[in-house]
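The lines below spell out each chain.
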Amino acid sequence: MRMTSPSKIMLIACGSFSPPTPMHFRMFEIARDHFEQMGSAQVVGGIISPVHDSYGKNGLVSATHRCNMIKIGLQSSDWIRLSEWETQQEEWTRTRLTLQYHQNCINSYLKDSNNSNDQHVPSWIPEGLKKTASQVQLKLLCGADLLESFATPGLWKDEDIEAIIGQHGIVVISRAGSNAEQFIFNSDLLSRYRRNITIVTNWITNDVSSTLVRRLLNRGMSVKYLLDDYLIEYIKKHALYGTSNTKYILPTSMSGEMMSISPVSPTIDDSYVESQNELNTLNSLESMDETDFSRNTLNRVFCCGTENESKSSSKNARGFLTHPGSAVKITTSTITSNSSTGTDSGIISLSHHTADDKVVSKKLKLSAVQV
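To keep things clear, this report deals only with the structure shown in the data block. Please read all numbers here as calculations on a predicted model, not as lab measurements.

### Focus: unusual backbone geometry
Following Ser 18, the chain continues into Pro 19 via a peptide bond in cis, with omega recorded as -5 degrees. Take Pro 19: it is sitting in the loop between strand S1 (7-15) and helix H1 (22-38). Phi is positive for Tyr 225, close to 75 degrees, though the residue is something other than glycine. Counting through the fold element by element, Tyr 225 comes out in the loop between helix H9 (210-218) and helix H10 (229-237). In the Ramachandran plot, Tyr 241 falls in the positive-phi region, its phi being about 55 degrees despite a non-glycine side chain. In this fold, Tyr 241 is placed in the loop between H10 and helix H11 (252-259). For Tyr 241, a relative accessible area of 10% puts it in the buried group.

Structural data, given as structure tokens:
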């Protein structure tokens, strides 16, 4: 029996890509592996087509940035390419028209035997395509969520769905455990074109979405190992998705509360300020991760010292603050009038107003304990 050669296909993914994630690119590899293993088709190229700015989706940055990020993400790929056609139109283009445009370009290129239009060949068309194929079918590559969106009332026109599936075909990357087959069975329209729907199960799950990445970036959290390092650098350089060059931002009123020992709703008197300033001037050591705060606003709680220096005298307190060694923590205890404090104890005075406007003074003893 004579074996027929597999048909040639190209895959196109449409979407926001704001920002593009590794899974956006990984879908192409998963799909190509499936067709190669099944022997049903040969994938000769991949296209990523970002949506127009007028699409107006939440978190959508400009097409210029999105295209640049896609280029960064595709630097290591030799077969997936960017198409900027959608972003260059006057307004948002329906997916059906996007597929038709790219399919027409492919057909025109393959029929141009005289190479008369080589100067106008789009950059997303693979080099040497004419030598390997006389006909190429363009298929929409998507996730299971897009397939399920076909059932959302008012989101898709029936004629668009019929044209996309009937004239082009779709390749659905589905998560393990999802029920794409059941969804197709429940739809008369999808069941009619079941032959043109390819379901590929992704057995290695990856739930890192653009929405999740934007949320982390907006909160100032790390996305390292979720995105390409060069892509992260680009995002931070252009301050996209709420990023900035400042690592941590704390209100001035909060920093003092977080970094100092204070009673509930205290009235800070002059003696308290003087005692705190005296303690701060003792410390000439750069504290851990201090570079994010101003030195003159810090009241240090943690310091370092050696075991022999862990005395509670003011003389040895200087040793804690000026010599690296084991970590210690500062604790406080209330000093009563009958308590024996000694001349070397670190004592600070605090006062605050009570509800009946009485001034209550309190002395606290500071001591260092090795941890």
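The discussion continues.
### Topic: the side chain of Thr 93
Of note, Thr 93 is situated in the loop between strand S3 (80-82) and helix H3 (95-111). Note on Thr 93: relative accessible area 9%, which makes it buried. When residues no more than four places from it in sequence are discounted, the contact partners of Thr 93 are Trp 85, Glu 86 and Thr 98.

### Section: the packing of aromatic side chains
Going through the model one piece at a time under the given rule, you end up with four aromatic pairs. Measuring from ring centre to ring centre gives 5.8 Å for Tyr 55 and Trp 92, while their planes differ by 45 degrees; the resulting arrangement is tilted. With Tyr 55 in the loop between strand S2 (41-50) and helix H2 (63-73) and Trp 92 in the loop between S3 and H3, the pair connects residues that are 37 residues apart, well separated along the chain. The residue whose ring lies beneath Lys 130 is Tyr 109, and the NZ or CZ to ring-centre distance is 4.6 Å.

### Considering the sheet that holds strand S5 (residues 170-175)
Read from one edge to the other, the open sheet built from six strands follows the order S3-S2-S1-S4-S5-S6, with strand pairing classed as parallel. Each of the sheet's edge strands pairs with one partner strand only, and the pair in question is S3 and strand S6 (197-202). Each adjacent strand pair in this sheet contributes to an overall mean axis angle of 30 degrees, direction not counted. One ladder, built from four bridges, connects strand S4 (residues 136-143) with S5; its direction is parallel. The partner of Cys 142 across the bridge, within S5, is Val 172. Contacting S2 and S3, H2 crosses the sheet at an angle of about 145 degrees to S2. The strands that helix H6 (residues 158-168) touches are S4, S5 and S6; relative to S4, the one it contacts most, it runs at about 130 degrees.

Rules used throughout
- For every chain, the first residue of the written sequence is number 1, and numbering continues from 1 along that sequence.
- Local features in a predicted model are, by the rule used here, given only for residues with pLDDT of at least 70; side-chain atom pairs are given and counted only at 80 or more, and totals for whole chains, interfaces and linings are based on all residues.
- Excluded from the side-chain calculations are hydrogens and water; all other atoms, namely the structure's heavy atoms, are used.
- The secondary structure listing takes helices from DSSP runs of H or I that are at least 4 residues long and strands from runs of E that are at least 2 residues long, numbered from the N terminus.
- Accessibility here uses a 1.4 Å probe with only protein chains present; expressed as a share of the type maximum, an area under 20% marks a residue as buried, one over 50% as exposed, and anything in between as partly exposed.
- Whether two residues touch is decided by their heavy atoms; if any such pair falls within 4.5 Å, the residues are in contact.
- For this analysis, a ring pair means two rings from Phe, Tyr or Trp (six-membered ring only for Trp) whose centres lie within 6.5 Å, classed as stacked if their planes differ by under 30 degrees, edge-to-face if by over 60, and tilted for the remaining angles.
- Here, a charge over a ring is recorded when the distance from Lys NZ or Arg CZ to the ring centre is within 6 Å and its angle to the ring normal is within 35 degrees.
- Any two strands between which DSSP finds at least two bridges are classified as paired.
- Convention adopted: a line fitted to C-alpha atoms gives each axis, helices being fitted over their contacting stretch, and angles between N-to-C directions are expressed from 0 to 180 degrees.

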